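# Structural features, examined
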Amino acid sequence: MGQAEGFDYTERADGSVVITHHGRSATTLRGGRAAEFLAEVDDDPQQVMARWTGNYRRGNERTARQHPRNRG
């Protein structure tokens, strides 16, 4: 599986966290979700941010393309 890249995050003064992907805002976390994200982000920041934004590949894209329902 490929590595996630291009993610960055900014912690704001009000406690919210803005996650960006290639300079574009991907999501904003507030309150408890922001605190939970900050506690988890030290492990592998790129993978954690990809998971929190929902922007990651699941490995089944090529298989799904070949499915009869998706052939056009």
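Our structure's up above, just so we're on the same page.
Given the structure is predicted, the values throughout are model-derived calculations rather than measurements.

## So, unusual backbone geometry
Not every positive phi belongs to a glycine, and H22 is a case in point at roughly 50°. Of note, H22 is situated in the loop between strand 2 (17-21) and strand 3 (24-29). In this structure H22 comes out as exposed when scored by relative accessible area, which is 57%.

## Regarding the packing of aromatic side chains
For any two aromatic rings, the description comes down to two numbers: the centre-to-centre distance and the angle of the planes. For the structure on display, the rule yields 2 aromatic pairs. Seen in terms of ring centroids, Y9 and F37 are 5.4 Å apart; in terms of plane orientation they differ by 85°. Their pairing is edge-to-face. Note that Y9 is positioned in strand 1 (residues 7-11) and F37 in helix 1 (residues 31-40), a separation of 28 residues in sequence. Given a relative accessible area of 30%, Y9 falls into the partly exposed group. For the ring pair F37 and W52, a centre distance of 5.8 Å and an interplane angle of 80° mean the geometry is edge-to-face. One end of the pair, F37, is in helix 1; the other, W52, is in helix 2 (residues 45-53), and 15 residues separate them in sequence. On the basis of relative accessibility, which here comes to 0%, the residue F37 falls in the buried class. Taking relative accessible area as the criterion, W52 reaches 15% and is therefore assigned buried.

## Digging into the pairing of strand 3
As judged from the 5 bridges shared by strand 2 and strand 3, these two strands associate in the antiparallel manner. When the sheet's bridge partners are listed, I19 is paired in strand 3 with T27. Between strand 2 and strand 3, which pair antiparallel one after the other, the connecting turn spans 2 residues, and H22 there sits at a positive phi close to 50°.

## Describing the environment of I19
Tracing the backbone shows I19 in strand 2. For the pair formed by I19 and Y9, sequence separation is 10 residues and the distance between their alpha carbons is 4.3 Å. Not counting the four nearest positions on each side in its chain, I19 is found in contact with F7, D8, Y9, R24, S25, A26, T27, L29, F37, M49, W52 and T53.

Rules used in this analysis
- Residues numbered from 1 in each chain as written.
- Predicted model: local features only at pLDDT ≥ 70, side-chain atom pairs only at ≥ 80, totals over all residues.
- Heavy atoms only, no water.
- Helix = DSSP H or I, 4+ residues; strand = E, 2+ residues; numbered from the N terminus.
- Buried < 20%, exposed > 50% of the residue type's maximum accessible area, 1.4 Å probe, protein only.
- Phe/Tyr/Trp six-rings, centres within 6.5 Å; stacked < 30°, edge-to-face > 60°.
- Pairing = 2+ DSSP bridges.
- Contact = heavy atoms within 4.5 Å.

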